[in-house]
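# Fold and contact review
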Amino acid sequence: MGVSIRCAALAASLCLLAVTAPARAAVFSPESFTLENGLQVIVIPNHRTPVVNHTIYYRVGAMDEPPAKSGLAHFLEHLMFKGTESLKPGEFSAIVARNGGQENAFTSQDYTGYFQTVAVDRLAKMMEIEADRMTGLVLTSEAIEPERGVVLEERRSRTDSNPSAKLREQANAALFMNHPYRIPIIGWEHEIRALTREDMMAFYRTWYAPNNAVLVLSGDITAATARPLVEKYYGKIPARTLPSRPVWKEPPQTADRRITLKHREVRQETWSRRMLAPSYATGPAEDTYALQVLAEILGGGSTSRLYRSLAVEHKTAARIGAWYDPDSRGPGTFGFYGSPRAGYKVDEIEALVEAEVAKLLKEGVTEAEVAQAIQRLRDAAVFARDSIDAPSRILGSALATGRTIEDVETWPDRVGRVTVEAVNKAARSLLVGKGAVTAILLPEETS
Amino acid sequence: MLRHFATVRRLLIALPVAAIAVTAFSGWAGAVAVERVVSKGGIEAWFVRDTSVPLISVQFSFRGGAALDPIDKTGLANLTASLLDEGAGELDSHAFQERLQNLSIQLNFDADYESFGGSMKTLNRNRDEAVRLLRLALTKPRFDAPDVERMTGEIVAGIKQRSSRPGYLAQRVWQQAIFPKHPYGRPVTGSETSLKAVTQADLKGFVKSHLGKDRLLVGVAGDITKDELGALLDAAFGDLPAKAAAGNIPDAEPAALGYTFLLSRQVPQSVAVFGLPGLKRSDPDFYAAFVMNHILGGGSFSSWLYEEVREKRGLAYSIYSYLQARRGAPFWMGSVATANAGMAKSVDLIRSQVQKMHDEGVSDEQLENAKLFLNGSFPLRFTSTDRVASILVHMRFYNLGIDYLDRRVGLIGSVTKADIARVAKRFLDPKKLTFAVVGQPDGLTGTEKAPEIEG
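Residues numbered from 1 in each chain as written. Chains lettered and ligands numbered in written order. Predicted model: local features only at pLDDT ≥ 70, side-chain atom pairs only at ≥ 80, totals over all residues.

### Re the overall build of chain A
The cut-off we apply is this: A run of DSSP states H or I qualifies as a helix once it reaches four residues; a run of E qualifies as a strand once it reaches two. Both are numbered from the N-terminal end. Partly exposed residues are those falling between the two cut-offs: more than 12 but fewer than 20 other C-beta atoms within 10 Å of their own, whereas 20 or more means buried and 12 or fewer means exposed, with C-beta atoms placed from the backbone. Contact between two residues is assigned when their C-beta atoms, built from the backbone, lie within 7 Å.
Along its length, chain A carries 17 helices and 11 strands. Projecting the C-alpha coordinates of chain A onto the three principal axes gives extents of approximately 65 × 50 × 40 Å. Burial statistics for chain A: of 447 residues in total, 59% are counted as buried. The contacts in chain A between residues at least 6 apart in sequence include a share of 82% that link residues at least 24 apart.

Pasting the structure below:
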């Protein structure tokens, strides 16, 4: 299925990110409680195997970095493995490995997360060491400097050696004119190089606190068995006074922007267009559900309007699709992407996408399209239950970005109530009269 | 969405076949009960019943695969895989895809060098139709000309897109240098030229000659009874021919070992792929080699390579090694990406760690820790139906036995320091260590010019 699979996979991952619930309400049926120190705890029982995923989300990400300190949240995430008052550098990971655990960490614009997946009888140890590094981090230059090299290599691998990623970074900087989402999570190289131990510790002491965290346990456990453990290890950590956060808003975007990267290593042209869109945080809420249906109709896989038109009928596109991401603390994004087949140009992709959008705005979507898209999105929520990682990720990221368990659990119902009129209204509001960023990747010799 | 994908502390290392089954678990045997189901029509599946969610995952594999592609039509198996769900029987591409999508049936096919595989995952309420579509795809694919042209176009665009990445190029240089005359030297996808040579007759011929019951291995996990599964197996696979006519993959003799192949590219960071000949999956020393590799470069946070290259010196974000258990030519393989200024140092460190393992083997503590991880982490692989089904197929592909999950702990646990010392001496020969490097690494000179690569 080559490319069409990738489109479908993209759409599916979006559903999963954005979604959460099964067909009759209640997707994951999680339990939850909150400690006195403010730590919110979510337990998603799944007794298939005696395994549990233990993830802590801190409600702090790249968007919370001070000015000129880009990359700080992510660099700190790396350094969280470098030891505490009670654990030597590297000892955290050694303990996880000796207990047969798999672990990792991730940083987004909105949050930072750390997880271990272990046999459930090892959970207490994971809590002990995760709670320990919530307050006990010790940083030395011997730990920081090699890790700075690692982060710079990570930037080179992910972005600097990848023309598509370089263009994406530039496109993002153009899309957000004011919101800190314009700055890449991994940071600008010159700022990564200048980050200091003091920057790290100040950021850590400000934001790493139980009342700024969500703990998610997914797997062979219940709230009743989890609670005493959570109380024991996390309950003794005092809450901190959290600073107020700036309220970032994008000004009206009135101009279209085009950015082009010509690169000597590029052999395949690509085209994309992205625009600001409602998020769960910014609303309007009804549009966020309608736009998920719209993205599915326009660009969700090989029966979507864009794929039918550009890949099948006009034979112009080798890849074509749409995405929508409402799952963020700041503005959401909506976009289109495509790559021409051999013998075609990005201009032809652009013209055909615009034609499909124009047709949609003129004629609207059909009842059948909406019904089918809703069914697929709701089914995706059932598939999401077939693992212990996906439920953890979906609930954790939702709660870390200001949503509630109920938002997640009622997702299928809310998607199910989307109407043709709602989709058409949301489409018009999104696609008419606003600025968008068009990003084009070309081989160097092309002009 | 792009934001969410952006940064992870380390790569979740994409492990080759060897790694999937090669971890074991402790205190847990029996938690997953593998049953053998044989249908009335004689189709065998290994099966784990799991009623957590009302769905099933069916995975299957036909021995053979892309390594059997004709040399002038490389990419045939992969192109076939891309087309099986693009129309079959009375359903044209659009009708077929529409049914899959509207019923949320996940049906995929893929080709590797040594197998042609597939997977079908469906909600129980759509199971009958999912099975019917799977049968049609396997036995009556249409290969209509516009669909062949479209999927060829997508594959070619994918090849071109990947070829802007130094990591992809390093892999290609490696393959071409080590296996200039064997299918392992050519990409599974083929190239723009080789794909142009593929005709509809070739595609139909592939299905007829490769997809036989005698080569089929099926694994199933999910919410279904054994009786229902028996009927499903006959409905899905019963119409396949009894025997496949395709040949077998020839053994491959590495053409060049001990060299450094350098492909110059103006990129800020060099990428190296490295390796030397390894052990077959069926080798009695395989488990010793597996534990040895975990200590040398397999452990994501704790290996010697990770420690020396990343942790101590910050020379890489990603550094790892693995056992590539191909039948025709097993290898120990690895990869690293380092800024041009530091790549020569990374290469030196990799050489010295391989030498150290060859000369000294491992310590008691290292061995103990590796076993704790490899045995303790095995249950983590059974957390979704598709992962379970894929392990079942893997067990069958490598003839590991239906009781493999019960024997796993012992196979890992019985590896001794002496076993590792022996296996390191036997195959981890530093003189054979070969590098393919793409970039402009300071102070690193290629001993050989990189071969020309296409695509």
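### Concerning the nonpolar core
What counts is decided by this rule: Each nonpolar core comprises buried Ala, Val, Leu, Ile, Met, Phe, Trp, Tyr and Cys residues, the members being joined through C-beta atoms within 7 Å.
If you look at the biggest cluster of nonpolar residues, it comprises 285 residues, and the most contacted ones within it are V293(A), V173(B), A272(B), V291(B) and A436(B). Tallying contributions element by element places helix α11 (residues 286-298) of chain B first for this core, with 9 residues. Apart from the residues within four sequence positions on either side, A436(B) is in contact with A170(B), V173(B), W174(B), A177(B), F261(B), A272(B), V273(B) and A450(B).

### Here's the deal with the sheet that holds strand β4 (residues 55-63) of chain B
Residue and element names in this part refer to chain B. To keep it simple, the criterion reads: A pair of strands is treated as paired once DSSP finds two or more bridges between them. Interaxial angle, 0 to 180 degrees, is taken between N-to-C directions of lines fitted to C-alpha atoms, where a helix line uses only the stretch in contact.
Strand order across the open sheet formed by 6 strands is β2-β3-β7-β4-β6-β5, with mixed pairing between neighbours. Two strands bound the open sheet, and with one partner strand each, they are β2 (35-38) and β5 (106-111). The average undirected angle you get between the axes of adjacent strands in this sheet is 20°. With 5 bridges connecting them, strand β3 (residues 44-49) and strand β7 (residues 216-222) associate as parallel partners. If you follow V48 over to β7, its bridge partner there is A221. Seen against the sheet, helix α15 (residues 385-397) touches β3, β4, β6 (115-123) and β7 and runs at an angle of roughly 150° to β7.

### So, the interface of chain A and chain B
Reports of interface size often rely on the accessible area that becomes lost once the parts have come together. To keep things clear, this is the line we draw: Three residue categories are used. Nonpolar comprises Ala, Val, Leu, Ile, Met, Phe, Trp, Tyr, Cys and Pro, charged comprises Asp, Glu, Lys and Arg, and polar comprises the others, including Gly.
In this complex, chain A contributes 74 residues to the contact, which on the side of chain B involves 71 residues. Grouping the constituent residues of the side of chain A that touches chain B by class yields 25 nonpolar, 28 polar and 21 charged.

### Examining unusual backbone geometry
Between G283(A) and P284(A) the backbone carries a cis peptide bond, its omega angle lying at 0°. One can find P284(A) in the loop between β8 (270-277) and α10 (285-299). One non-glycine residue with positive phi stands out, namely S104(B), at about 50°. Along the chain, S104(B) turns up in the loop between α4 (93-102) and β5. Residue classification places S104(B) among the buried residues on the basis of 22 C-beta atoms within 10 Å. Phi is positive for N399(B), which is not a glycine, with a value near 55°. Tracing the sequence through the fold places N399(B) in the loop between α15 and α16 (404-413). What makes N399(B) exposed here is the crowd of 9 C-beta atoms within 10 Å.

### Describing the pairing of β8(A)
Residue and element names in this part refer to chain A. Burial within β8 is extensive, with 8 of its 8 residues counted as buried. Side chains of β8 alternate between two faces, with T270, S272, R274 and L276 and W271, R273, M275 and A277 buried alike. Pairing between β8 and strand β11 (residues 437-443): 5 bridges, direction antiparallel. In the sheet register, T270 faces β11, and the bridge partner there is L441. The sheet contact formed by β8 and strand β10 (residues 332-340) spans 7 bridges and is antiparallel. Pairing of W271 across the sheet is with G338, part of β10.

### A few points about the confidence of the model for chain A
The line we're drawing: On a range of 0 to 100, pLDDT expresses the predictor's confidence in each residue.
Per-residue confidence for chain A gives a mean pLDDT of 93, with 94% of residues at or over 70. For residues 1-24 of chain A, every residue scores under 50 in pLDDT, and the model assigns this stretch 82 contacts once sequence neighbours within four places are set aside.

### Topic: the packing of α11(B) against helix α14 (residues 364-376) of chain B
Residue and element names in this part refer to chain B. Put simply, the test is: Between 65 and 115 degrees an angle is taken as roughly perpendicular, under 35 as roughly parallel, over 145 as roughly antiparallel, and anywhere else as oblique.
Between α11 and α14, the least distance of the axes is 10 Å, while the angle of their chain directions is 105°. Regarding the angle of α11 to α14, the classification is roughly perpendicular. Here α11 contributes V291, H294 and I295 to the contact with α14, which in turn contributes Q366, L367, A370, K371 and L374. Of the residues that constitute the contact of α11 with α14, the class distribution is 5 nonpolar, 2 polar and 1 charged.

### Quick word on the domain arrangement of chain B
All names here are of chain B. Quick note on the threshold: Each domain's extent is set by a domain assignment, obtained either automatically or from a database.
Taken domain by domain, chain B consists of domain 1 (13-237) and domain 2 (260-377 + 402-449). For domain 1 versus domain 2, the separation of C-alpha centres amounts to 29 Å. Counting residues at the interface gives 29 residues for domain 1 and 36 residues for domain 2. Broken down by secondary-structure element, the contributors of at least two residues to the side of domain 1 that touches domain 2 are α2 (17-21) and α7 (166-178). The element contributing the most residues to the side of domain 1 that touches domain 2 is α7, with 9 residues. Broken down by class, the residue content of the side of domain 1 that touches domain 2 amounts to 23 nonpolar, 4 polar and 2 charged.

### Here we look at the domain arrangement of chain A
Residue and element names in this part refer to chain A. According to the domain assignment, chain A consists of domain 1 (2-14 + 249-443) and domain 2 (38-234). The centre of domain 1, based on its C-alpha atoms, is set 28 Å off from the matching centre of domain 2. The partner domain 2 presents 31 residues to the 30 residues of domain 1 that form the contact. At the level of elements, β7 (257-263), β8, α14 (389-400) and β11 are the ones that each hand at least two residues to the side of domain 1 that touches domain 2. The biggest single contributor to the side of domain 1 that touches domain 2 is α14, with 8 residues.

### Focus: the pairing of strand β8 (residues 260-264) of chain B
All names here are of chain B. Within β8, 4 of the 5 residues are buried, which leaves the element mostly enclosed by the surrounding structure. Sheet analysis places β8 next to strand β13 (residues 448-449), joined by 2 bridges and oriented parallel. Counterpart to L262 in the pairing with β13 is K449.

### Examining the confidence of the model for chain B
Detailed reading of the predicted model is not advised wherever pLDDT is low. Mean pLDDT over chain B works out to 91, with 93% of the residues at or above the 70 mark. For this predicted complex, the interface score ipTM comes out at 0.91, while the overall pTM is 0.92.

### Some remarks on helix α8 (residues 197-207) of chain A
All names here are of chain A. Note the following rule: Think of the arc as the fan of directions from the helix axis to the C-beta atoms.
Of all the residues in α8, the buried ones are M200, F203, Y204 and W207. Buried residues along α8 cover an arc of 100° about the axis, so they all sit on one side. For α8, exposure combined with an orientation more than 90 degrees from the buried face picks out E198 and R205. Buried residues along α8 sit against β3 (51-58) and α2 (72-79).

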